[in-house]
Amino acid sequence: MVIPTKYKDLHGWADCVDGFIQVVKQTNQIHTVPIAAVVGPAHLVRENASLGSIDSVWLVNNHVDFDTYWTVY
Amino acid sequence: MQETLPYLPLQGWYNIDSANVFNLLSATDQQRSTCSAHLLRLQTIQDKPIICPVSQQVYHFRETHVRGVCRSIKLTTLRAASEDFRIPNFGQLFRAQIEEDWGHKVSGLVLGYDQNILFDSIFIELQNGLMYYRQPFHCPASVEHLGLDCKVDYTNANQGIMPEAHNIWVKYTQSEENNLDNTFQRRIPSVPVLYFHWTPPNQILQSV
């Protein structure tokens, strides 16, 4: 069971400042997906993490270095 | 040789093939030739299959699979899982997935035909994560496996003990993509809520 995300803005364009695509969770659309459909880990960074709200915006890290990622997380 | 040729043709003697070879086409023929070249190129592109570039895979990885049974909960009913993981329509989602995987007949025999029932008699096996295989970027000649955790133990009783779940990329099929709002080339970053395993009883599978 997974909660999918969707683009924050209409077209999913990268932010002009940081260059990341911003997404938000679709908490009202939980999907059931087979395990084989999971293609790997995704690195989502919460914007304004200090606020901690459910409706927060997440940055899709498209320059992820998984070796560093797994060391940190 | 080409420089002398413009003086050779006589007035009224114009052959388009020869003029094309010697780069002496009239303006009208040049335009026509360019248009036909464009059309030919478009036709060639349309006839060719669209090939998506994919990175070369050195090893044949095992598919991502469940890593292990959750120790603290193991088996739970659909109703309990629905409440613990805050999935109000778990019953409908479960039924839809069983119908897709095993067919309408198995779904009916196991779950009954009442669409609104929240099943107390159906037990699912909770899994605490996935095993994912990959080639490390800094050492591409090797293969390593990593665990993708999920907050399976995240219940009201032990809330806060488990770490955050690892977010995952989920690949959808072309038909499923039509129902989705937006994707990254049919992939969507998703947050796992619950990993579980369920198989219909052998008696039912044998009778079908």
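Refer to the structure printed above.
Residues numbered from 1 in each chain as written. Chains lettered and ligands numbered in written order. Predicted model: local features only at pLDDT ≥ 70, side-chain atom pairs only at ≥ 80, totals over all residues.

(A) Just the overall build of chain A, in detail. For chain A, the count of helices and strands is one helix and five strands. By residue count, 21% of the 73 residues in chain A fall in the buried class. Nonlocal contacts in chain A, meaning residues at least 24 apart in sequence, comprise 42% of its contacts between residues at least 6 apart. (Helix = DSSP H or I, 4+ residues; strand = E, 2+ residues; numbered from the N terminus. Buried ≥ 20, exposed ≤ 12 C-beta atoms within 10 Å, placed from the backbone. Contact = placed C-beta atoms within 7 Å.)

(B) Fine view of the nonpolar core. Of all hydrophobic cores here, the largest spans 28 residues; its most connected members are Met-1 and Val-2 of chain A together with Leu-130, Ile-168, Val-170, Val-193 and Leu-194 of chain B. Among the elements of the structure, β2 (21-25) and β5 (57-60) of chain A together with α3 (78-84), α4 (90-102), β4 (129-134), β6 (168-171), β7 (187-192) and β8 (195-197) of chain B are those that each provide at least two residues to this core. Ranked by residue count, the leading element in this core is α4 of chain B, at three residues. (Core = buried A, V, L, I, M, F, W, Y, C linked by C-beta atoms within 7 Å.)

(C) Region of the structure containing unusual backbone geometry. Residues and elements named next belong to chain B. A positive phi angle, close to 55°, is found at Arg-86, a residue other than glycine. Structurally, Arg-86 can be placed in the loop between α3 and α4. Classification of Arg-86 as partly exposed rests on a count of 14 C-beta atoms within 10 Å.

(D) Structural detail: the sheet that holds strand β3 (residues 123-127) of chain B. All names here are of chain B. Ordered in space as β2-β3-β8, the three strands form an open sheet in which the pairing is antiparallel. Across the chains shown, the open sheet's two edge strands, defined by having one partner strand only, are β2 (75-77) and β8. For this sheet, the mean inter-axis angle between neighbouring strands, taken without regard to orientation, is 50°. Looking at chain direction, β3 and β8 are connected through three bridges and run antiparallel. Note that in β8 the partner of Glu-125 across the bridge is His-197. (Pairing = 2+ DSSP bridges. Axes fitted to C-alpha atoms, helices over the stretch in contact; angles between N-to-C directions.)

(E) Focus on the interface of chain A and chain B. Facing the 27 residues of chain A at the interface are 32 residues of chain B. Sorting the residues of the side of chain A that touches chain B by element identifies β1 (2-7), β2, β3 (38-41) and α1 (66-72) of chain A as the ones contributing at least two each. Ranked by residues supplied to the side of chain A that touches chain B, first place goes to β1 of chain A with six residues. Class assignment of the residues belonging to the side of chain A that touches chain B gives a composition of 19 nonpolar, four polar and four charged. Here β3 of chain A pairs with β6 of chain B via three bridges, running antiparallel. In the strand pairing of β6 of chain B, Val-38 of chain A is matched with Val-170 of chain B. (Nonpolar A, V, L, I, M, F, W, Y, C, P; charged D, E, K, R; others polar.)

(F) Region of the structure containing the sheet that holds β2 of chain A. Ordered in space as β3(A)-β6(B)-β7(B)-β1(A)-β2(A)-β5(A)-β4(A), the seven strands form an open sheet in which the pairing is antiparallel. Two strands close off the open sheet at either side, each with one partner strand: β3 and β4 (44-46) of chain A. Here the strands of the sheet are splayed against their neighbours by 40° on average, with no regard to which way each runs.

(G) Focus on the pairing of β2 of chain A. Residues and elements named next belong to chain A. Here β1 runs beside β2; their pairing, made up of three bridges, is antiparallel. In the sheet register, Lys-6 faces β2, and the bridge partner there is Val-24. Pairing between β2 and β5: four bridges, direction antiparallel. What sits directly across from Val-24, in β5, is Val-57.

(H) Molecular detail of the packing of α4 of chain B against helix α5 (residues 104-111) of chain B. Residue and element names in this part refer to chain B. Close contact between α4 and α5 brings their axes to 7 Å; oriented N to C, the two are set at 135°. The angle between the axes of α4 and α5 places the two elements in the oblique class. Seen from α4, the contacting residues are Arg-95, Ile-98, Glu-99 and Trp-102; seen from α5, they are His-104, Val-106, Ser-107 and Leu-111. Split by residue class, the contact of α4 with α5 holds four nonpolar, two polar and two charged. (Parallel < 35°, antiparallel > 145°, perpendicular 65-115°, else oblique.)

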